[in-house]
Amino acid sequence: MFGAIAFGALFLVVGLILAGVSVSLLAHAERAPGTVVALEWRDDDIGVSHKKRAHDGPVAYPVVEFTAEDGTPRTFRSSTGSNPPSYEKGDRVEVLYRADSPEDARINGFASLWLLPLVFGGIGLVIAGVGTVVAFVMRGRS
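Just so it is clear, the model here is predicted, and its values are computed rather than measured. (Residues numbered from 1 in each chain as written. Predicted model: local features only at pLDDT ≥ 70, side-chain atom pairs only at ≥ 80, totals over all residues. Heavy atoms only, no water.)

*Asks:* Describe helix H1 (residues 2–28), with residues and values.
*Replies:* Helix length check: H1, at 27 residues, gives a terminal C-alpha distance of 38 Å against a target of 39 Å (1.5 Å per residue), a fit within 8%. Every buried residue of H1 is listed here: Gly8, Gly15, Ala19, Ser22 and Leu25. At its buried positions, H1 is contacted by strand S4 (92–98), strand S5 (101–107) and helix H2 (110–141). (Helix = DSSP H or I, 4+ residues; strand = E, 2+ residues; numbered from the N terminus. Expected span 1.5 Å × (residues − 1). Buried < 20%, exposed > 50% of the residue type's maximum accessible area, 1.4 Å probe, protein only. Contact = heavy atoms within 4.5 Å.)

So this is what it looks like as C-alpha cells:
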C-alpha cells in the first residue's frame, strides 16, 4: 500500500515536471508560423504486450517546417503522433522553440504540450489515491 503511494507520487512528480517544462516553453519560447510538410507513419509498439488488436495500426507524426528568427529554415518531427492524424499535409501550425535550441521545437497544440503531463499526473493521482484509501481502510481495521 505504501509502495503504491510512493509509485503514484513518483508518477505525479514526473507529470508536474513535464507540465513545468511546457509552462516554461510557453512563457519563454519564440513563436513562428510553420507548415506540416509530411506525415511520418510509424508502427508504435507501446507497452509490454505486443499483441495486435483490430484497431492498432501505424501512427502519424507530423513533420513541420518553419523559419527560425535567425532566418534559418528548420524541420522537425513532432514527438506526438496519432491515428487518425491530428494534422494533414499543408496545415499551418504555430511552432514554439527556444532561440538557443530551435531543433527542439514543438507544435503549439494541446497534445504536444499537455498530453504527457496529464497522463503521468493522472496515473500518479489514481495510484497514489488508491494506495492512500487502502492505507486508511487497513489502518481503521487494526
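Picking up where we left off.
*Asks:* Which residues make up the packing of H1 against H2, and what values go with them?
*Replies:* Direction vectors running N to C along H1 and H2 enclose 155 degrees, while the axes themselves pass 7 Å from each other. With respect to H2, the element H1 is oriented roughly antiparallel. The handedness of the crossing between H1 and H2 is left-handed. Across the contact of H1 with H2, the residue classes break down as 23 nonpolar, seven polar and no charged. (Axes fitted to C-alpha atoms, helices over the stretch in contact; angles between N-to-C directions. Parallel < 35°, antiparallel > 145°, perpendicular 65-115°, else oblique. Left-handed = near helix turned anticlockwise from the far one by under 90°. Nonpolar A, V, L, I, M, F, W, Y, C, P; charged D, E, K, R; others polar.)

*Asks:* Can you lay out the pairing of strand S1 (residues 30–42) for me, pointing to particular residues and giving the numbers?
*Replies:* Bridging between S1 and S4 involves six bridges; their strand directions are antiparallel. Considered in S4, the bridge of glutamate 30 is made with tyrosine 97. (Pairing = 2+ DSSP bridges.)

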